[in-house]
Amino acid sequence: MTPGMTSSAGTAGRVTFLNHSCLLVESPQVRMLCDPWFEGSAFNDGWRLLAEHSHRLDEIACDYIWLSHEHPDHFSIPTLRRLDSPRRFIYQKTRDNKVRQYLLDRGHSCIEMEEATPHAFGDITKTIYVSDGYDSASVIEFPDGSTFLNANDARLELGGNIDRIRSRHPRIDLLAAQFSYANWAGNEGDETTPFDQQQLVIERLKTYIEAFQPKKVILFASFVYYSHEENFYWNRHWLPRVLEALHEHAERIIVPRPDQVFDLADLAGQDFTEENRRSVAFWEQAAAGIQAVDRSNRNIGLDDIRRAYRDFFEEIWSLNTMSTALTGQNQDFSLVVRLPDLARSVRLHLFQERLEALPAEATPEHDIQVTAETLCFLLRNQFGRGTLTINSRIQFNYPSAHRFFIFFFIPYANNIGRYFREGRLDAVQLESIARTSVMMSILKASTAAVRNLAADLRTFA
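Just so it is clear, the model here is predicted, and its values are computed rather than measured. (Residues numbered from 1 in each chain as written. Predicted model: local features only at pLDDT ≥ 70, side-chain atom pairs only at ≥ 80, totals over all residues. Heavy atoms only, no water.)

J.: So what's going on with the sheet that holds strand β20 (residues 368-369)? Residues and values would help.
T.: Paired through backbone hydrogen bonds, the strands of a sheet run either parallel or antiparallel to each other. Strand order in the open sheet formed by 5 strands is β19-β18-β17-β20-β21, and the pairing between neighbours is mixed. Edge positions in the open sheet fall to β19 (355-357) and β21 (395-396), since each of these has one partner strand only. Relative to β20, strand β17 (residues 334-339) runs parallel, the two being bridged by 2 bridges. Paired with Arg338 across the strands is Gln369, a residue of β20. (Pairing = 2+ DSSP bridges. Helix = DSSP H or I, 4+ residues; strand = E, 2+ residues; numbered from the N terminus.)

J.: Provide a residue-level description of the nonpolar core, including the pertinent values.
T.: Residues Trp47, Val337, Ile368, Leu375, Phe396, Phe404 and Ile442 are the most contacted members of the largest nonpolar core, which totals 67 residues. For this core, the leading source of residues is helix α7 (residues 302-319), giving 7 residues. When near neighbours in sequence (up to four residues on either side) are disregarded, Trp47 contacts His20, Trp37, Ser41, Ala42, Asp73, Ala182, Val224, Tyr225, Tyr226, Ser227, Ile390 and Asn391. Among the nonpolar cores identified, the runner-up in size contains 63 residues, and Ala154, Val242, Val280 and Trp283 belong to it. (Core = buried A, V, L, I, M, F, W, Y, C linked by side-chain atoms within 4.5 Å. Buried < 20%, exposed > 50% of the residue type's maximum accessible area, 1.4 Å probe, protein only. Contact = heavy atoms within 4.5 Å.)

J.: Got a sec to walk through the packing of helix α13 (residues 437-445) against helix α14 (residues 447-458)? Specific residues and values, please.
T.: In contact at an axis separation of 5 Å, α13 and α14 are set at 115 degrees when each is read in the N-to-C sense. Contact residues: α13 offers Ile442, Leu443 and Ala445, while α14 offers Thr447, Ala449, Val450 and Leu453. (Axes fitted to C-alpha atoms, helices over the stretch in contact; angles between N-to-C directions.)

J.: Which residues make up the sheet that holds strand β2 (residues 22-26), and what values go with them?
T.: Reading across from one edge, β7-β6-β5-β3-β2-β1-β16 is the order of the 7 strands in this open sheet, with mixed pairing throughout. With partners counted over all chains shown, the strands left at the sheet margins are β7 (109-113) and β16 (260-263), one partner each. Pairs of neighbouring strands in the sheet enclose a mean axial angle of 25 degrees, with direction left out of account. Bridge count between β2 and strand β3 (residues 31-34): 4 bridges; the pairing is antiparallel. Across the sheet, Leu24 pairs through a bridge with Leu33, a residue of β3. This element, helix α2 (residues 98-105), spans β6 (88-92) and β7 of the sheet and lies at about 160 degrees to β7.

J.: Tell me about the pairing of β16, and name the residues and values.
T.: Looking along a regular strand, one sees the side chains alternate between the two faces of the sheet. The two faces of β16 differ: Gln260 and Phe262 on one face are buried, but Val261 and Asp263 on the other face are not. Direction of pairing for strand β1 (residues 14-19) relative to β16: antiparallel, over a ladder of 4 bridges. Paired with Phe17 across the bridge in β16 is Gln260.

J.: Describe the pattern of salt bridges, listing the residues and the values that go with them.
T.: One pass over the structure, following the stated rule, counts 35 salt bridges. Salt-bridge contacts for Glu26 lead to Arg31; the nearest nitrogen and oxygen are separated by 2.8 Å. We note that Glu26, like Arg31, is buried. Arg56 is the salt-bridge partner of Glu59, the closest N and O atoms lying 3.6 Å from each other. Classification of Arg56 by relative accessible area gives partly exposed; the value is 34%. Salt bridges linked by common partners bring Arg257, Glu274, Glu275, Arg277 and Arg278 together as one network. (Salt bridge = Lys/Arg side-chain N within 4 Å of Asp/Glu carboxyl O.)

J.: With reference to specific residues and values, describe the packing of helix α3 (residues 161-168) against helix α4 (residues 192-212).
T.: Helix packing geometry: the angle between the two helix axes and the distance between the axes. Two elements in contact, α3 and α4, have axes whose closest approach is 10 Å; the angle formed by their N-to-C orientations is 30 degrees. Considering the angle they form, α3 stands roughly parallel to α4. Between α3 and α4 lies a crossing whose hand is right-handed. Contacts between α3 and α4 involve Ile162, Ile165 and Arg166 on the former and, on the latter, Thr207, Tyr208, Ala211 and Phe212. Broken down by class, the residue content of the contact of α3 with α4 amounts to 5 nonpolar, 1 polar and 1 charged. (Parallel < 35°, antiparallel > 145°, perpendicular 65-115°, else oblique. Left-handed = near helix turned anticlockwise from the far one by under 90°. Nonpolar A, V, L, I, M, F, W, Y, C, P; charged D, E, K, R; others polar.)

Laid out in C-alpha cells, this is it:
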C-alpha cells in the first residue's frame, strides 16, 4: 500500500502478527508496521529467529514503519536493507539521534515522537512511553475508541509508566507483551537463575493484566533462540511454563503465529483455545530444528586486544572529562578478563592507559570470562555492555561481576548521548547498575556480590 491509500480494517482496527515483535497495525486510513525483523542474526550473532525469512520487508505495504528502540531485534539492519524505496519511519526523539540519522542517510524520512505526547497519523492517535531511557511502548487509539497497547520489551513498571498509561488510556482492548526474559540469566550450569529471571517476566505479565485489564493479551517478542556455539546451551522452551503460570487468565491469552489476524471489534467474545494449540505446535516444531550456526573467530590475539583497548581508552577520555569519576580511592580501578581461547587473562585499567597481559600460568580471580573476539567487540562498541548482557556470550564471576558494569558504565551512557563533562559521576549514579536485570540476579545469588559492590561504590563517593 502506498501512503494515502485506505486500509480494509474496520474502525476498531486490526492487528496482524508477522514475527517475533513485528506487527502490522491497520485502521481505515493507516497501515503501520512495527519492529520488522525477518532475517539475519541479532546481538553480535547471539540470537536468530525461530521462523526466519517469514516475510520480505519490501513486499509489505504500509504507510509507516515504527521502531520501538535501537536493539537489533527491533531495529534490524539486515531486514531494513531489503527496502527498495524510501519509507516513512517513526522513532522516539533521542539525544544521540543515531537511528534517525541512519534512516535519513539512506533516503528515508523519520518522524520524531516526543515521549508521552499524542501524535495523529491519519485516523489513529499514537502515544509512546519510554522506559529505562531507551525502550518505548506504544498506545494506539482507533477511530471507534478501541485501544492497542504494544508493550514489547519495555519495563513499564519503571518510571511510573503503568500509572501514566492507565490514567491516560483507561480502555485497553489488546495488549502485546514479551513473555520470556531477554538477557543473561546465569552462568552455564546455574539452573536457579534462569527460572528466577523467567518468573520476573511472568510476574510482570500478571501486573500488566491486573493494571490494564485488557480483553486479550498477545504473548510475543520472544520467538528467538540462542544461535551461537558460546550460548546455545541457554535454549529453553518457556512457553508452556508461561501458559501454566497464567492459567487464571487463560481466556485472555493469545499465542500468535505468523500472519494471524486480530480484529479489535470482536476480541472479547473470541475463544482462542484451539488457535493457541495450533500456535504452540507451530513454535515447538520451529524450535525442534534449531542448531548452533554462529561460530567464534579464533584468529584474534593479544595484539588485537591491545589496539582495541588503546582506541577505547582514547575515546572515553576524549568524549568525557574523566576526572568527574576519578577519586583518590579508585584510580587503580581495573577489570580482569579471562580469555579461554587464549588460555590466559588480561587486566584492563579504567583511569590509566594500562593493559596487563597476565602470565599464561597465572590464574588470578577474574571478573568476567569472554573470548578475545568478544572482548574486542566490547572495547570497540559503546553499546557492547548491553549486547553482552543480552546475547549471553559471557560468564560472570558473581562476587565481582559488578566491576564489568562499572568499567563500561561511561561508554554505555555515551551510546545514548549522555556524556560526563561537568559535575560528578559518583556512587549514587553508579548504583543504577544494581537495578539491571543481570545484577539483580547476581545480587540475589551471591551475598559476596552485595558486599563487594558496596565496597567498590564507596571508592567513587
